[in-house]
Amino acid sequence: MRKVFNSIFIAIALMMVVSCSEVADTVVFGTIRTAETDNPVAEAIAIKDGKFIYVGDKNGAMSFIKEGVTEVIDYTDKGMVMPGCTDGHAHYLSIFALSNQKDPLVIGHDDGKAELLKKLDEAAQKAVANKKHSMFSMGWNYFGIMADKPTLAELDAATHGVSTVLLDATGHHVLCNSECLRRSGILGDDGEVLIKEIEGGLLELDENGYPTGYINERATGYVIRMGGVDPDEIVDDALAETAIIKSQELLLSTGYVSFVEGWSNNYNTPRFYPTAKRLDDEGKLCMLMSMTYEVEPWQKNISEEIDHLASLKKEYGTMHVRPEYLKIFMDGCVENCTGAMSKPYKDGTIYKNFWSVDRLADITRECNSKDLTLHIHSMGDVAIKEVADAYIKGGDGVHRNCIVHLRNPRKEDYKRFADNNIACTGGFTWHVAENGALETLSEFLDEEYVNHSYPIKSFFDAGVKVSSHSDYPANENSPQDPFGIMEVSVSGQMIDPATGAPTVVFDPDELVTLDQVFQALTINGAWQVGLEKERGSIKVGKWADFVLADQDVFKCPVTDIHKTKVVSTYFEGKKVYQAK
């Protein structure tokens, strides 16, 4: 009788376990790399209603399976399962909008002056025939063109009266024609020079005080935003949708489920905001899109711009569309000698920040009070230090005000980042230089800055939750995908496409472990955008954003990590990408 009673009791207990367990929509078996430090590897996950309801061993997952209801994916010994990644700063929308224009003006990185002028002439003739009044393109090589740049007269002759703005590949330099200068108010209708200086940038003048057509830094934003290009001619609704969808396709195929677009009001167009919301409302947006709204130091009423950003967030913000970041350039690029450094460049130049600490602190205070967050480009040690000063002085300690790029942070600033909740996102592959880069930089930059360019490990050593960005497509020879970034960050090597030779690193002691770069791409990226409690790792209660990769990067040779391919990407429990 006791045996019968025990058997009945066990049966009832098992029935209770099954009945008390939720029935999962999906169960996945395999090597699960969770990005959780206290539970880094699991054997199974269960998902229901888009969220993880179980992370643990294989046996424990069995109770969540119901035949005919639960999809079971056995990924055992096929690679690894990992969280979806975040790209902390990139320009996907900008590039896909430009490259998908009708008759796009494509300026190659290796084009010299003659080729550039020829392409301008052909594009301008088409623009005139199509009754377009402006052209915009990006991609010329600053170091290649500036040695023999076109004159204003040559640019005017090639553009046939079509207002033209040509950004270089870095986005910090512009060539423009007289029509652009007139439309933006720099020249009068009679050719008189009305503006000779623009705060935060250079409006280059010849020996007679007349513009040459070359402009740099925040003066580039001036000609774009003050009418140099017609935003409706650059990006219409259809092109905005194409740019978002193509960005999403690339991101999901490489393992990203979230990114921060570094210039969402690019070309002065407002179209990306309503288009993104519409796509999300239609169920076509399968990623997180954090959007930045750029303001310039020459703008006199930044409060109006902040209020406009707040209205964009209110009108177009959704769970997946996050237009809540104010973008600012604190300085330029060290490589172009416009970064703000404490030591002068070797020619004696000292380039200062575009914003004062007090002004930036006031902006930070105002933004945080309106539930907006700062996203600031900072390269030089002075720029980085003073952005941190402003965040500490004006920030509320809750919003993840972010410093972007961080080429040469001071040693004493790392602890300030960690102690004051300052988000840092950097180009992990930028610590690796093309052959000859160290020698070139040494020609105009102090050796201390050359040898400690783009550090990585120091952030982790100080407890900073540093995240990774690709800045796509700013560094065309560096990988954009998470697996390429992992390999370069750990090994310090990638192959120079020009020579086939391995590249070099600025400081070998600043390379990181695979665990560290894995954290940067996953949970730290989610932390940067304030979503670490909801996303960024595989943990019960979080949204089920994950990737099936065809190999386990923790088991393959370091030099093979870049070969890893995404098989499938899931966003909130649904498969949104499948490799062909």
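If you're wondering where the values come from, they're calculated on a predicted model, not measured in any experiment.

S.K.: So what's going on with the packing of helix α11 (residues 272–281) against helix α12 (residues 302–316)? Which residues, and what values?
M.R.: Look at α11 against α12: their axes get within 10 Å of each other, and the N-to-C directions meet at 20°. When the axes of α11 and α12 are compared, the pair comes out roughly parallel. α12 is crossed by α11, and the crossing has right-handed handedness. Across the interface between the two elements, Tyr273, Pro274 and Lys277 of α11 pack against Leu312, Glu315 and Tyr316 of α12. Residues belonging to the contact of α11 with α12 are distributed by class as follows: four nonpolar, no polar and two charged.

S.K.: Hey, could you go over the pattern of salt bridges for me, with residue numbers and the actual values?
M.R.: Following the criterion strictly, the structure yields 38 salt bridges and no others. Lys343 is the partner of Asp446 in a salt bridge, and the nearest nitrogen-oxygen pair spans 3.9 Å. Residue Asp446 is found in the loop between α16 (437–442) and α17 (447–451), and its partner Lys343 is found in the loop between β14 (321–329) and α13 (357–369); the two are separated by 103 residues along the sequence. Looking at Asp446, the relative accessible area reads 24%, which means it is partly exposed. The class for Lys343 is partly exposed, based on a relative accessible area of 35%. One network of salt bridges, in which partners are shared, links Lys385, Asp389, Arg410, Glu412, Asp413 and Arg416.

S.K.: For the sheet that holds strand β6 (residues 85–90), give the residues involved together with the corresponding values.
M.R.: Through backbone hydrogen bonds, the strands of a sheet pair up, either in parallel or in antiparallel fashion. As summarised here, the arrangement of the eight strands in space is β6-β12-β13-β14-β15-β16-β17-β19, forming an open sheet in which the pairing is parallel. Each edge of the sheet is formed by a strand with only one pairing partner; in this case those strands are β6 and β19 (466–468). Averaged over all adjacent pairs, the angle separating strand axes in this sheet is 25°, with direction ignored. Alignment of β14 against strand β15 (residues 373–378), held across five bridges, turns out to be parallel. Residue pairing for β15: Leu326 is matched across the bridge by Leu374. In this fold helix α3 (residues 92–99) packs onto β6, β12 (256–261) and β13 (288–294), with an angle of close to 85° to the strand it touches most, β12. Strands β13 and β14 of the sheet are contacted by α12, whose axis makes an angle of about 160° with β14.

S.K.: Describe the packing of aromatic side chains, naming the residues involved and giving the relevant values.
M.R.: Two aromatic rings are characterised by how far apart their centres lie and by the angle between their planes. Counting across every chain of the model gives 15 aromatic pairs. Ring geometry for Tyr92 and Tyr472: centres 4.7 Å apart, planes at 15°, overall stacked. Taken together, the residues Tyr92 in helix α3 and Tyr472 in the loop between β19 and α19 (482–491) connect sequence positions 380 residues apart. For Tyr92, a relative accessible area of 0% puts it in the buried group. Between Tyr351 and Phe354, the ring centres sit 6.2 Å apart and the planes meet at 80°, which makes this aromatic pair edge-to-face.

S.K.: Would you mind going over the nonpolar core in detail, with residue names and values included?
M.R.: Of all hydrophobic cores here, the largest spans 106 residues; its most connected members are Phe136, Leu326, Phe417 and Met486. Looking at which element gives the most residues to this core, the answer is helix α14 (residues 381–394), with six residues. The next biggest cluster of nonpolar side chains, apart from the first, holds 18 residues, and it includes Trp140, Tyr142, Leu175 and Tyr214.

S.K.: Outline the environment of Pro274, listing residues and values.
M.R.: Here Pro274 shows up in helix α11. As for Pro274 and Glu241, which are separated by 33 residues in sequence, their C-alpha atoms are 9.8 Å apart.

S.K.: I'd like a rundown of the side chain of Gln528, residues and numbers included.
M.R.: As for its position among the elements, Gln528 is in helix α21 (residues 523–528). At 3.1 Å, the side chain of Gln528 forms a polar contact with the backbone oxygen of Gly88. Dropping the residues within four chain positions of it, Gln528 is found in contact with Gly88, Val260, Tyr325, His375, Arg400, Cys402, Ala423, Thr425 and Ser467.

S.K.: Can you break down unusual backbone geometry residue by residue, with the values?
M.R.: A cis geometry characterises the amide bond from Tyr472 onward to Pro473, with omega recorded as 0°. Counting through the fold element by element, Pro473 comes out in the loop between β19 and α19. Despite not being glycine, Asp103 shows a phi value in the positive range, around 55°. On the basis of relative accessible area, Asp103 is assigned to the partly exposed category, the value being 42%. Phi angles above zero are rare outside glycine, and Lys131 is one such case at about 60°.

S.K.: Run through the environment of Leu438, naming residues and quoting values.
M.R.: For Leu438, the location among the structural elements is in helix α16. Taking the C-alpha atoms as reference, Leu438 lies 38 Å from Asp362; in sequence the two are 76 residues apart. With near-sequence residues (within four places) excluded, Leu438 lies in contact with Ala433, Val450, Val504, Val505 and Phe506.

S.K.: Can you explain the pairing of strand β10 (residues 201–205)? Please cite residues and give values.
M.R.: By the bridge criterion, four bridges tie β10 to strand β11 (residues 211–217) in an arrangement that is antiparallel. Residue pairing across strands places Gly201 opposite Glu217, the latter belonging to β11. Hairpin connection from β10 to β11: five residues lie between these consecutive antiparallel strands, with Gly209 at a positive phi of about 80°.

Rules behind the numbers
- Residues numbered from 1 in each chain as written.
- Predicted model: local features only at pLDDT ≥ 70, side-chain atom pairs only at ≥ 80, totals over all residues.
- Heavy atoms only, no water.
- Axes fitted to C-alpha atoms, helices over the stretch in contact; angles between N-to-C directions.
- Helix = DSSP H or I, 4+ residues; strand = E, 2+ residues; numbered from the N terminus.
- Parallel < 35°, antiparallel > 145°, perpendicular 65-115°, else oblique.
- Left-handed = near helix turned anticlockwise from the far one by under 90°.
- Contact = heavy atoms within 4.5 Å.
- Nonpolar A, V, L, I, M, F, W, Y, C, P; charged D, E, K, R; others polar.
- Salt bridge = Lys/Arg side-chain N within 4 Å of Asp/Glu carboxyl O.
- Buried < 20%, exposed > 50% of the residue type's maximum accessible area, 1.4 Å probe, protein only.
- Pairing = 2+ DSSP bridges.
- Phe/Tyr/Trp six-rings, centres within 6.5 Å; stacked < 30°, edge-to-face > 60°.
- Core = buried A, V, L, I, M, F, W, Y, C linked by side-chain atoms within 4.5 Å.
- Polar contact = N/O pair within 3.5 Å; in protein donor to acceptor, adjacent residues only side chain to side chain.

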